[in-house]
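Residue strings, one per chain:
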Amino acid sequence: MIFYKEERMAMFIDGANLYAASRGLGFDIDYKRLLELFAGRARLVRAFYYTALVENEEYSPIRPLVDWLDYNGYAMVTKPTKEFTDAFGRRKIKGNMDIELAIDVMEMSDNVDHIMIFSGDGDFRRLVEAVQRKGKRVSVVSTMRSTPPMVADELRRQADNFIELADLMPHIARARDPNAAPMATTPPTTAQPNLEELTDNIQGVKEPIVQENVA
C-alpha cells in the first residue's frame, strides 16, 4: 500500500459491495479498526459509507450498523429502496448507490489528494479515470481471492493502487465467538433475520444491501 502522511484522503465505501467481498473471504469487518487503519496513514478528511435502506419495515437489520457508523466517524449516505413488480408479478427491490458515490467523489476530488474506493464494481472505472485526470491518486479496495473475484479487472487496472481486502483481514477483521458455528451456515450476529428472500429480489445491486452489525 502506498500512502503519504501529508496527503489529504477521503474514503468512499460501497457498503453492499464491501459486505459481499468480506463475506466471500469469510470474515466480518470491524469498522472501528478499518477507520483507524487508514486514518493513521494519511490526513483522513472524510469517510463516506453508502447503503440503501428498506423502509416501512418493523425492524431493519441494517439500522444498528447505520446508527453506529453515524456516531463513530463515518458520514452516512442512505436512501430508501424502491419496490416494484416485474412483468412476471414478482416483487423486486432496487437500491443502487452508485450515482450518490460518484457524485460525492467528483465533488470531494477538488479538496483531497488521495481517493479510496471500497468497491470492485467495474462501473466505477470511468469515475476513477476522471478524477485521475484532475491529478488525484485513486486506490481501490476489493478482492480477487473470493470465488468469484469481486473486483472487475478493468477497475483494478485503472486504479493507481489496488489493495487486496484479504491482506487487510488481520488488521480489520472483527473477532468472532469461538463457539459460533461456521460462517457459511450462520447468519450475521445480533438477531439478524433470514435475508435470502430479500437478497434474491434486489435488482441493480450485485450484493445484498444488508450489512453485518457492529459488536
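Note: the structure precedes this text.
Remember, it's a predicted structure, so these values are computed and weren't measured experimentally. (Residues numbered from 1 in each chain as written. Predicted model: local features only at pLDDT ≥ 70, side-chain atom pairs only at ≥ 80, totals over all residues. Heavy atoms only, no water.)

1. Thoughts on the overall build of the protein
Stage number 1. If you tally the helices and strands in the protein, you get eight helices and nine strands.
Stage number 2. Split into buried and exposed, the 215 residues of the protein put 52% on the buried side.
Stage number 3. Considering only contacts within the protein whose residues lie at least 6 apart along the sequence, 72% involve residues at least 24 apart.
Stage number 4. When the accessible area of the protein is evaluated, it comes to approximately 10,900 Å², of which 49% is carbon and sulfur surface. (Helix = DSSP H or I, 4+ residues; strand = E, 2+ residues; numbered from the N terminus. Buried < 20%, exposed > 50% of the residue type's maximum accessible area, 1.4 Å probe, protein only. Contact = heavy atoms within 4.5 Å. Areas by Shrake-Rupley, 256 points an atom, 1.4 Å probe, with all protein chains shown as cover.)

2. Focus on the packing of helix α4 (residues 98-108) against helix α5 (residues 125-132)
Stage number 1. Axis separation between α4 and α5 bottoms out at 10 Å; the angle between their running directions is 5°. When the axis of α4 is compared with that of α5, the two are roughly parallel. Contacts between α4 and α5 involve Leu101, Ala102, Val105 and Met106 from the former and Leu127, Ala130 and Val131 from the latter. (Axes fitted to C-alpha atoms, helices over the stretch in contact; angles between N-to-C directions. Parallel < 35°, antiparallel > 145°, perpendicular 65-115°, else oblique.)

3. Observations regarding the packing of aromatic side chains
Stage number 1. Evaluated as defined, the whole model comprises six aromatic pairs.
Stage number 2. Between Phe12 and Phe48, the ring centres sit 5.1 Å apart and the planes meet at 10°, which makes this aromatic pair stacked. Pair noted here: Phe12 is in strand β1 (residues 8-14) and Phe48 is in strand β2 (residues 43-53), with a separation of 36 residues, a long-range link.
Stage number 3. Clustering of aromatic rings is evident, with ring pairs tying together Phe3, Phe38 and Phe118. (Phe/Tyr/Trp six-rings, centres within 6.5 Å; stacked < 30°, edge-to-face > 60°.)

4. Quick word on the environment of Val45
Stage number 1. One can find Val45 in strand β2.
Stage number 2. Using a relative accessible area of 23% as the deciding quantity, one classes Val45 as partly exposed.
Stage number 3. Considering only alpha carbons, one finds Val45 and Asn111, 66 residues apart in sequence, at a separation of 8.9 Å.
Stage number 4. Excluding residues that lie within four positions of it along the chain, Val45 makes contacts with Arg8, Met9, Met108 and Val112.

5. Digging into the sheet that holds strand β8 (residues 161-164)
Stage number 1. If you walk across this open sheet you meet the six strands as β3-β2-β1-β6-β7-β8, and the pairing is parallel. Where the open sheet ends on each side, the last strands, each with one partner, are β3 (75-80) and β8. Averaged over all adjacent pairs, the angle separating strand axes in this sheet is 20°, with direction ignored.
Stage number 2. Where helix α1 (residues 15-25) meets the sheet, it contacts β1, β2, β6 (114-118), β7 (137-142) and β8, and its direction lies at approximately 75° from that of β1. (Pairing = 2+ DSSP bridges.)

6. A closer look at the packing of helix α2 (residues 31-39) against helix α7 (residues 165-172)
Stage number 1. Two elements in contact, α2 and α7, have axes whose closest approach is 9 Å; the angle formed by their N-to-C orientations is 105°. The pairing of α2 with α7 is recorded here as roughly perpendicular in orientation. In contact with Arg33, Leu34, Leu37 and Phe38 of α2, α7 contributes Leu168, Pro170, His171 and Ile172.

7. Thoughts on the pairing of β1
Stage number 1. Summarising burial for β1: six of the seven residues are buried, a large majority.
Stage number 2. Here β1 pairs with β6 via five bridges, running parallel. Across the sheet, Ala10 pairs through a bridge with Ile115, a residue of β6.

8. Quick look at the pattern of salt bridges
Stage number 1. Following the criterion strictly, the structure yields 11 salt bridges and no others.
Stage number 2. Across the pair Asp28 and Arg174 runs a salt bridge whose closest N-O atoms are separated by 3.4 Å. Of the two residues, Asp28 sits in the loop between α1 and α2 while Arg174 sits in the loop between α7 and α8 (196-201), which places them 146 residues apart along the sequence. One exposure class covers both Asp28 and Arg174, and it is buried. (Salt bridge = Lys/Arg side-chain N within 4 Å of Asp/Glu carboxyl O.)

9. Let's talk about α4
Stage number 1. Turning to α4, its buried residues number three or more, namely Asp98, Leu101, Asp104, Val105 and Met108. Viewed along the axis of α4, the buried residues span an arc of 135°, placing them on a single side of the element. Of the exposed residues in α4, the ones pointing more than 90 degrees away from its buried face are Ile99 and Glu107. (Arc of directions from axis to C-beta.)

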